[in-house]
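Each chain, written out:
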Amino acid sequence: MNKIIKHKVLAGAMLFGFMLAGSSCEDYEGIRVTPELPYADKTLYEVLVNDSDLSDFVEVLAACGAECADSLFNHSRVYTLWAPVNGTFNKDSIIAETIADSTGNSNRDVVFRSFIGSHIANHLVPANGTLESDNVVLLLNNKNALFTGDYRNGYTFSGIQLDPANTNIRVKNGLIHKIASPSEYKYSIWEYMKVAANVDSVAKYLYSYDVTKFNEGQSLKGPIVNGEQTYLDSVFTTTNIWLDAWNGVGNINNEDSTYIVYVPTNELWEEMVAKAEACFNYDFSFANMSEATKHERDSLRKYY
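Residues numbered from 1 in each chain as written. Predicted model: local features only at pLDDT ≥ 70, side-chain atom pairs only at ≥ 80, totals over all residues. Heavy atoms only, no water.

K.L.:
What should I look at first to understand the sheet that holds strand 8 (residues 174-179) in this one?
P.N.:
Read from one edge of the open sheet, four strands run 2-1-8-7, paired in mixed fashion. The open sheet terminates on both sides in strands that have one partner only, identified here as strand 2 (120-121) and strand 7 (169-171). Here strand 1 (residues 79-84) pairs with strand 8 via six bridges, running parallel. Considered in strand 8, the bridge of tryptophan 82 is made with histidine 177. (Pairing = 2+ DSSP bridges. Helix = DSSP H or I, 4+ residues; strand = E, 2+ residues; numbered from the N terminus.)

Here's what the structure looks like:
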């Protein structure tokens, strides 16, 4: 009797296994199981540099410097990359931005934020099942992008179609999706004021209150070396006292909110500052200012 029961249990388990095997490629909701890892032993960067479709993107990474190239994608952290294929963007103009001028300045940070960071998420984002039309992905540059679609009609990233034959390329530390064109970088109001030619005086004033600090909670800890904690990936957070809904100008760097902002032009800003300065004259008529230098008095005027 026990032998018959055992046989029934074994047969039931085998039948259940066959049912799972038969539904592993596609279930009733249309969710596909990601294929076996083709690059299980290779990092995302190692796969990139050996893909002939993505050599333009790799060149931009290399031009941006070590922080953008292999050191970014060889971390133990996982990434998802929506990689624009060759010939879909002007790599030469982007690379030119990374080259330092005679003063040693370059726009590498801008290239990283506006181009490279616009195509990377700091977590796994597979193209599986049905992704709702409002499905939002947080990117490496803290921008939001829509990642939508389903397996029948295909998937789109920021409105750009994914290549069905090159989606969910699984690697040791993440995923690669190939896309037909680069994602467009969209400025927030906070960012736009800084790059708009005729209102950047206001931006310079507001941005002067930026404070950047090391964020231990978001950084990836490494081993203890000589009694000191090291970090495999250091994260720095920038705050600004003006970006406050009640005591500042509002959360105009927050893209979950919508604002209309009336910004004075540079000419009007200078006129307003000149009028304000007249109200803050620190001269020798104040007893406690008798020993103050002109530089100190001017600094107080500017501060207040």
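Okay, back to it.
K.L.:
For this particular structure, what's the right way to read the nonpolar core?
P.N.:
As a rule of thumb, soluble globular proteins bury nonpolar side chains together. One finds Leu44, Leu48, Val60, Phe73, Ile116 and Ile176 to be the most contacted residues of the largest nonpolar core, which totals 25 residues. Looking at this core, the element that brings in the most residues is helix 3 (residues 55-64), giving six residues. The contact partners of leucine 48, leaving out residues within four places of it in the chain, are Leu54, Val58, Leu61, Phe73, Leu81 and Ile176. (Core = buried A, V, L, I, M, F, W, Y, C linked by side-chain atoms within 4.5 Å. Buried < 20%, exposed > 50% of the residue type's maximum accessible area, 1.4 Å probe, protein only. Contact = heavy atoms within 4.5 Å.)

K.L.:
Looking at this structure, I do not really get the packing of aromatic side chains. What am I missing?
P.N.:
Describing an aromatic ring pair means giving the distance of the ring centres and the angle of the ring planes. This structure, assessed with the given rule, holds 13 aromatic pairs. Ring geometry for phenylalanine 89 versus phenylalanine 115: centroids 5.0 Å apart, planes at 50°, classification tilted. With a gap of 26 residues between them, phenylalanine 89 in the loop between strand 1 and helix 5 (91-98) and phenylalanine 115 in helix 6 (residues 108-116) connect regions that are remote in the sequence. The pair phenylalanine 89 / phenylalanine 115 is uniform in exposure class, with both members buried. Among the aromatic residues, ring-to-ring pairing joins Trp82, Phe147, Tyr155 and Phe157 into one connected group. The side chain of lysine 143 reaches across the aromatic face of tyrosine 185, ending 4.8 Å from its centre. (Phe/Tyr/Trp six-rings, centres within 6.5 Å; stacked < 30°, edge-to-face > 60°. Lys NZ or Arg CZ within 6 Å of the ring centre and 35° of its normal.)

K.L.:
So what exactly am I meant to see when it comes to unusual backbone geometry here?
P.N.:
Unlike most non-glycine residues, serine 158 shows phi in positive territory, near 55°. As for its placement among the helices and strands, serine 158 is situated in the loop between strand 5 (154-157) and strand 6 (160-161). What makes serine 158 partly exposed here is its relative accessible area of 30%. Positive phi, close to 55°, is recorded for asparagine 226, a residue that is not glycine. Within the element layout of this structure, asparagine 226 appears in the loop between strand 10 (220-225) and strand 11 (228-233). Classification of asparagine 226 as exposed rests on a relative accessible area of 77%.

That is the geometry; function is a separate question.
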